[in-house]
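If you want the building blocks of each chain, they are given just below.
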Amino acid sequence: MSAMKGTILHLSLMESEIMNKNILRAVAVVALASSLSGCFLTKIVTVPMRVVGAVVSIIPVAGNTANDVIQGAANTVDDIPL
């Protein structure tokens, strides 16, 4: 019976350590995200927009118009003062 209690105690300690590591990782991610500059954050958003605009521009009739709209939106996001 005491071996079973020891196993249960050991498992609860392992779960506690895993939870502590997860909390530490979450705090590290939040700290990293808050320390990034605004320019970097807007680039994370606008680069995929620009790639989609380039891909859409291949469409024969409306591609260039859609690309211009997407590029304008990406420029607007770049201009946001963070």
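Criteria and thresholds
Residues numbered from 1 in each chain as written. Predicted model: local features only at pLDDT ≥ 70, side-chain atom pairs only at ≥ 80, totals over all residues. Heavy atoms only, no water. Helix = DSSP H or I, 4+ residues; strand = E, 2+ residues; numbered from the N terminus. Buried < 20%, exposed > 50% of the residue type's maximum accessible area, 1.4 Å probe, protein only. pLDDT = per-residue confidence, 0-100. Expected span 1.5 Å × (residues − 1). Arc of directions from axis to C-beta. Contact = heavy atoms within 4.5 Å.

(A) The overall build of the chain, seen in detail. Within the chain, the secondary structure is distributed over three helices and zero strands. Its helices and strands taken in sequence order, the chain reads α-α-α from the N to the C terminus. With 82 residues in all, the chain has 11% of them scored as buried.

(B) A look at the environment of V52. You can see V52 is positioned in helix α2 (residues 38-56). As a C-alpha pair, V52 and Q71 span 19 residues in sequence and 9.5 Å in three-dimensional space.

(C) Structural detail: the confidence of the model for the chain. Residue-level pLDDT values for the chain average 76, and 72% of them are 70 or greater. Mean pLDDT per element in the chain: helix α1 (residues 2-35) is the minimum at 67, and helix α3 (residues 63-78) is the maximum at 88.

(D) Representation of α3. For α3, which comprises 16 residues, the first-to-last C-alpha distance of 22 Å matches the rise-based estimate of 22 Å (1.5 Å per residue) to within 8%. Looking at α3, one finds that the buried residues are G63, N67, I70, A74 and V77. In an axial view of α3, the angular spread of the buried residues amounts to 80°, which keeps them on one side of the axis. Summarising the geometry of α3, the exposed residues directed more than 90 degrees from the buried face are N64, T65, D68, V69 and T76.

(E) Just the side chain of N67, in detail. Inspection of the secondary structure assignment puts N67 in helix α3. Under the relative-accessibility criterion, N67 is labelled buried at 16%. Excluding anything up to four places from it in sequence, N67 contacts G53, A54 and S57.

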